[in-house]
There are 2 protein chains.
Amino acid sequence: MNDRQTIGETGGEFAFIDRALAQAARGDQRIIVGPGDDAAVLRCGGEAVVTTDLLIEGRHFRLDWIAPFDAGWRAAISSLSDLAAMGARPLAGFLSLGVGPQFPAADAEDLVRGVAACLEIYGAALAGGDTVASSSGVILNVCLAGEWQGRSCLRSAARPGDLICVTGRLGGSRAALRLLERLGPGAAWEGHHELILSYSAPHARTSAGLWLTRQDAVHAMMDISDGLSSDLWRIAEASGVRCVVDVSALPVSPAAAAAAHLTGETLADTALHGGEDFELLFTIAPEGAEAVLGGIVIETGTQAAIVGRVDEGEPGVFAADGAPIHPAFEHFAP
Amino acid sequence: MNDRQTIGETGGEFAFIDRALAQAARGDQRIIVGPGDDAAVLRCGGEAVVTTDLLIEGRHFRLDWIAPFDAGWRAAISSLSDLAAMGARPLAGFLSLGVGPQFPAADAEDLVRGVAACLEIYGAALAGGDTVASSSGVILNVCLAGEWQGRSCLRSAARPGDLICVTGRLGGSRAALRLLERLGPGAAWEGHHELILSYSAPHARTSAGLWLTRQDAVHAMMDISDGLSSDLWRIAEASGVRCVVDVSALPVSPAAAAAAHLTGETLADTALHGGEDFELLFTIAPEGAEAVLGGIVIETGTQAAIVGRVDEGEPGVFAADGAPIHPAFEHFAP
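Everything numeric in this text was worked out from a predicted model, so none of it was measured.

### A word on the overall build of chain A
Regarding its fold elements, chain A presents 10 helices and 12 strands. For a compact globule of 334 residues, the expected C-alpha radius of gyration is about 20 Å, and chain A comes in at 20 Å, within 12% of that figure. In terms of overall dimensions, chain A has a C-alpha envelope of 65 × 50 × 35 Å along the principal axes. By the burial criterion, 57% of the 334 residues in chain A qualify as buried. Across chain A, the fraction of contacts at a sequence separation of at least 24, relative to all contacts at a separation of at least 6, is 84%.

### Things to note about helix α4 (residues 172-191) of chain B
All names here are of chain B. Taking 1.5 Å of rise per residue, the 20 residues of α4 would be expected to cover 28 Å, yet its terminal C-alpha atoms sit only 15 Å apart, more than 12% below that figure. Of all bends in α4, the biggest is about 120°, found at G184, and the proline P185 comes one to four residues later. Considered for burial, the residues of α4 that qualify are G172, S173, R174, A175, A176, L177, R178, L179, L180 and A188.

### Quick word on the relation of the copies chain B and chain A
Taken as rigid bodies, chain B and chain A are interconverted by a rotation of 180° and an axial shift of 0.0 Å, the fit giving an RMSD of 0.0 Å. Here the two chains are linked by the operation of a two-fold rotation axis. Among all residues of chain B, the one whose C-alpha sits closest to the rotation axis is G46 of chain B, at a distance of 2.0 Å. Most of the interface of chain B is mirrored in chain A: 100% of its interface residues are interface residues there too.

### Considering the sheet that holds strand β2 (residues 40-43) of chain A
Reading across from one edge, β1(A)-β2(A)-β3(B)-β6(B)-β4(B)-β5(B) is the order of the 6 strands in this open sheet, with mixed pairing throughout. For this open sheet the edge positions go to β1 (31-33) of chain A together with β5 (125-133) of chain B, each flanked by a neighbour on one side alone. When strand polarity is set aside, the average angle formed by the axes of neighbouring strands in this sheet is 25°.

### A few points about the interface of chain B and chain A
The extent of an interface is frequently quoted as the accessible surface area lost upon association of the parts. Listed per partner, the contact involves 64 residues of chain B and 64 residues of chain A. For the side of chain B that touches chain A, the secondary structure elements donating two or more residues are β1 (31-33), β2 (40-43), β3 (47-56), α2 (68-85), β4 (89-99), β5, β6 (139-147) and β8 (218-224) of chain B. Ranked by residues supplied to the side of chain B that touches chain A, first place goes to β3 of chain B with 9 residues. Residues belonging to the side of chain B that touches chain A are distributed by class as follows: 32 nonpolar, 20 polar and 12 charged. Here 4 bridges tie strand β3 (residues 47-56) of chain A to β2 of chain B, and the two strands are oriented antiparallel to one another. Each bridged residue has a counterpart across the sheet, and for V49 of chain A the counterpart in β2 of chain B is V41 of chain B.

### Focus: unusual backbone geometry
Most peptide bonds take the trans configuration, and most residues that are not glycine carry a negative phi. Positive phi values are uncommon outside glycine, yet E276 of chain A reaches one of about 65°. Of note, E276 of chain A is situated in the loop between α9 (267-273) and β10 (279-284).

### Quick notes on the packing of helix α2 (residues 68-85) of chain A against helix α3 (residues 105-121) of chain A
Residues and elements named next belong to chain A. Between α2 and α3, the shortest axis-to-axis distance is 7 Å and the interhelical angle comes to 40°. Note that α2 runs across α3; the crossing there is right-handed. Here P68, F69, D70, A71, G72, W73, A75, A76 and I77 of α2 lie close against α3, whose contacting residues are D107, D110, L111, V112, R113, G114, V115, A117, C118 and L119. Class assignment of the residues belonging to the contact of α2 with α3 gives a composition of 13 nonpolar, 2 polar and 4 charged.

### Focus on the pairing of strand β7 (residues 163-167) of chain B
Residues and elements named next belong to chain B. When you tally the buried positions in β7, you get 5 out of 5 residues, the bulk of the element. Because side chains alternate across β7, one face comprises the buried residues L163, C165 and T167, and the other comprises I164 and V166, equally buried. Bridge count between β7 and strand β10 (residues 279-284): 4 bridges; the pairing is antiparallel. Of the residues in β10, the one forming a bridge with I164 is T283. Alignment of β7 against strand β11 (residues 304-311), held across 5 bridges, turns out to be antiparallel. If you follow V166 over to β11, its bridge partner there is A305.

### Points about the domain arrangement of chain A
Residues and elements named next belong to chain A. Partitioning chain A into domains gives domain 1 (8-147) and domain 2 (155-319). Between the C-alpha centres of domain 1 and domain 2 there is a distance of 26 Å. Taken residue by residue, the interface counts 17 residues in domain 1 and 19 residues in domain 2. Element by element, the count of residues in the side of domain 1 that touches domain 2 is highest for α2, at 10 residues. Across the side of domain 1 that touches domain 2, the residue classes break down as 9 nonpolar, 3 polar and 5 charged.

### What about the sheet that holds β2 of chain B?
Ordered in space as β5(A)-β4(A)-β6(A)-β3(A)-β2(B)-β1(B), the 6 strands form an open sheet in which the pairing is mixed. Strands at the two margins of the open sheet, each flanked by one partner only, are β5 (125-133) of chain A together with β1 of chain B. Ignoring which end each strand starts from, the neighbouring axes of this sheet average 25° apart. Sitting on the sheet, α3 of chain A is in contact with β4 (89-99), β5 and β6 (139-147) of chain A, with an inclination near 170° to β4 of chain A.

### Re the environment of S152 of chain B
Looking at where S152 of chain B falls in the secondary structure, it is placed in the loop between β6 and β7. C-alpha of S152 of chain B to C-alpha of A85 of chain B: the two residues are 67 residues apart in sequence and 7.9 Å apart in space. Setting aside chain neighbours within four positions, we find S152 of chain B in contact with V33, D37 and V41 of chain A together with M86, G87 and T213 of chain B.

### Here's the deal with the confidence of the model for chain A
Per-residue pLDDT for chain A averages 91, and the proportion of residues at 70 or more is 95%. For this predicted complex, the interface score ipTM comes out at 0.90, while the overall pTM is 0.93.

### Description of helix α5 (residues 193-200) of chain A
The set of residues buried in α5 of chain A consists of L195, I196, S198, Y199 and S200 of chain A. Residues of α5 of chain A that are buried make contact with α2, α4 (172-191) and α8 (254-263) of chain A.

### Let's talk about the pairing of β11 of chain B
With 4 bridges joining them, strand β9 (residues 242-245) of chain B and β11 of chain B adopt antiparallel strand pairing. Its bridge partner lying in β11 of chain B, R242 of chain B is registered against D311 of chain B.

### Comments concerning the environment of L281 of chain B
Residues and elements named next belong to chain B. Relative to the elements of secondary structure, L281 occurs in strand β10. Placed 79 residues apart in sequence, L281 and P202 show a C-alpha to C-alpha distance of 16 Å. Those residues within four positions of L281 in sequence are excluded, and the remaining contacts are V166, M222, I224, L228, D231 and L232.

What counts as what
Residues numbered from 1 in each chain as written. Chains lettered and ligands numbered in written order. Predicted model: local features only at pLDDT ≥ 70, side-chain atom pairs only at ≥ 80, totals over all residues. Helix = DSSP H or I, 4+ residues; strand = E, 2+ residues; numbered from the N terminus. Rg over C-alpha atoms; globule rule 2.2 N^0.38 Å. Buried ≥ 20, exposed ≤ 12 C-beta atoms within 10 Å, placed from the backbone. Contact = placed C-beta atoms within 7 Å. Expected span 1.5 Å × (residues − 1). Bend = angle between axes of the 7 residues up to and from the residue. Least-squares fit on C-alpha atoms with pLDDT ≥ 70 in both. Pairing = 2+ DSSP bridges. Axes fitted to C-alpha atoms, helices over the stretch in contact; angles between N-to-C directions. Nonpolar A, V, L, I, M, F, W, Y, C, P; charged D, E, K, R; others polar. Left-handed = near helix turned anticlockwise from the far one by under 90°. Domains from an automatic or database assignment. pLDDT = per-residue confidence, 0-100.

Okay, structure coming up:
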């Protein structure tokens, strides 16, 4: 395969993907049957935790903004973040890839490498997949299976009196996207390298999720994929509670704050409505807060901050001054 | 929601999918955590068998040829057939669905119902999913997890001397597609109802796969998804053997034979190269053939026929007269 060859010119086969798959799962004792048969067989210890995420070029990523490797990486992170929120240990990923015949074969290989490398770093193997011809853009679906620890902190488990916490800092992905839109990829990457990098190669909070799930004081948990405002609404509705956010307490990264200044967006909007930061949102009993917020740093190297509280009342999300906070995310926003 | 409402007009939510998901998994004791959280938790008994299949409108199905419910059904069958070949018991499915804002909401609901109904009939629950806006056509990915029986008959396990067998009859889907192309959906459905129905609502060989996997005489097994010629090549290469097919022994359904006559295709081509019949292809030690081919009918109600033998030699697929048989299926055939 040379660098300019398209998928169609490679002879109509995804041989490199078969090779990548075969390499990825080799030597992993938890993969009883790996790629190459009709399905994979995983040793998962009694219970399996499974999530699936579909990403479509143009909607979830743009290949003129980020490299194919990064698009693959982000697809994997999206699923790893879901498992982190369930307190599950990543085990095996399954990639469905749709690309057109004109797509460069080297780029397709980079996409697969991005998925495989990301999974490997978080302790999972790329154990299977499906490759199909797409007439329109790149389609990635990552399905990820993990081992359960015997408990998950569900969205429905928030209780009145709980404190609302988030890991890390919010708004980075949103700020990066705004800069990419406004400046174009060249200037955005050059002038705001750290911020764009946090967007193109994000982390999942796997170790923090595993640790938080073992703390009895932690009640509800989910990952922030659609933005804090949207995801708090999900907890409010699932738990039948009212969430009150101290907007001024929301942690925003300095780089995201600088970018928000450039694009004219308020810090509050950046932090409240920014999606795809892949941080964890969780609620804790107030008496356990000190131990949890101290322990998470020591045990997992992850910062977490209190950003609000859970009250009794009609499900909803409000600022401390009582102003309603609406969800940012709509699948088909006009 | 009225019948003419588009997905976009429903308010940008896939609320009906959330409802369908919540209903589908209710009461299944194997689903510890069902839809509505970041991932599902499944009780799978130590090992999980996982497969994933991506289907794209225009490439894998046409919604002017089959109903949305049937497109969903076929997507589920595609994964169920993979698990059947691994001898796994279906447990839980995960649907990723991409549709555009102009897509009728009622059709999207039918698609999801097709997936859920099919999974349910085969003993699995729709336990999770992901819904996204697609700018181009309908995209379905079904990921399916099952329980392992402790053995799978892998593609690499065929041995020289084995007999090659297939369940059911071949060529039905190919013949149906040719008729749909040639006559259009109206005339094809009217004149060839049984044949088109076998295409639009196929079965998976779940019980036959479970039973065959428990027979020591059965060595290699896979489902026929891309056509017997292509799939025999996979066994030949994985096992390092030569497969010899008695083309005249291939079982073709009478309806498919009649259709092949109409479209001018030979029976051999219909049976050899037709994909998506979702039958099982397996090899058995000759001394076990009688017991297996008798037992499979009595125990599972499934017919199976001997269609060839496995020889030593360079990997390849040949007719009984020595003529080479080439694989029919290419991902990106010109």
